[in-house]
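# Structural overview for review
Next come the chains, spelled out residue by residue.
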Amino acid sequence: MGSTFTELIIDATEPQCLAEFWMAVLDWRITYPNGNVVQIAGDESTCPALVFVPVPEAKQVKNRVHIDVNPSGCSQMEEVERLLALGAQRVDMGQGEQSWVVLADPENNEFCVLRSRVD
């Protein structure tokens with residue numbers, strides 16, 4: 001017995017725009033649009049899905065939870081450059097020299113690009 005992790009909810013001032021960024025990052029698609037709420041995943045059976053919900057306020061402080069991504073079919077630096085071109089920005093969280101790169105999405109939510117490669 002136990003629970004299944006099915007969704008990660010992300011607050012957004014512009015859910016559709018943020019969902020489009022993450023769809024490009026992950027090569028996912030919208031699986032459940034519901035008004036201003038947008039759910040994306042690889043397909044209808046992919047878990048967990050990312051669900052973007054509207055909130056009126058902008059992000060204020062460092063995330064307590066963040067997403068890590070692994071490059072697929074390219075190097076870490078190639079993936080970082082691709083994500084920067086999509087609208088991500090580099091972030092210094094005081095992490096120092098690490099094997100991962102910290103970026104922020106268009107609404108300033110931090111995420112990491114890991115060094116390992118998934119092919």
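First things first, this report covers the structure right here in the doc. (Residues numbered from 1 in each chain as written. Predicted model: local features only at pLDDT ≥ 70, side-chain atom pairs only at ≥ 80, totals over all residues. Heavy atoms only, no water.)

### Considerations on helix H2 (residues 76–86)
Listed in full, the buried residues belonging to H2 are Gln 76, Glu 79, Val 80 and Leu 83. All buried residues of H2 lie within an arc of 100° about the axis, which places them on one face of the element. Contacts from the buried residues of H2 go to helix H1 (15–26), strand S5 (67–69), strand S6 (89–90), strand S7 (101–104) and strand S8 (110–113). Downstream of H2 by one or two residues, Gly 87 has phi in the positive range, about 125°. (Buried < 20%, exposed > 50% of the residue type's maximum accessible area, 1.4 Å probe, protein only. Helix = DSSP H or I, 4+ residues; strand = E, 2+ residues; numbered from the N terminus. Arc of directions from axis to C-beta. Contact = heavy atoms within 4.5 Å.)

### Considerations on the sheet that holds strand S2 (residues 29–34)
Taken together, four strands build an open sheet; the order of strands is S1-S4-S3-S2 and the sheet is mixed. Only two strands of the sheet have a single neighbouring strand rather than two, namely strand S1 (7–12) and S2. On average, each strand axis in the sheet is inclined to that of its neighbour by 25°, with strand direction left out of account. Across six bridges, S1 lies against strand S4 (residues 49–54) in parallel orientation. Residue Ile 10 lies in a different strand from S4, and its bridge partner there is Phe 52. Packed onto the sheet, H1 meets S1, S2, strand S3 (37–41) and S4 and runs at close to 160° relative to S4. (Pairing = 2+ DSSP bridges. Axes fitted to C-alpha atoms, helices over the stretch in contact; angles between N-to-C directions.)

### What to know about the packing of aromatic side chains
Enumeration according to the criterion identifies three aromatic pairs in this entry. Their ring planes at 90° and their centres at 5.4 Å tell us that Phe 21 and Trp 22 sit as a pair that is edge-to-face. With a relative accessible area of 2%, Trp 22 lands in the buried category. With 6.3 Å between their ring centres and 65° between their planes, Phe 21 and Phe 111 make a pair best called edge-to-face. Residue Phe 21 is located in helix H1, and its partner Phe 111 is located in strand S8; the two are separated by 90 residues in the primary sequence. Note on accessibility: Phe 21 and Phe 111 belong to one class, buried. Grouped by ring-pair contacts, the aromatic residues Phe 21, Trp 22 and Phe 111 constitute a single cluster. (Phe/Tyr/Trp six-rings, centres within 6.5 Å; stacked < 30°, edge-to-face > 60°.)

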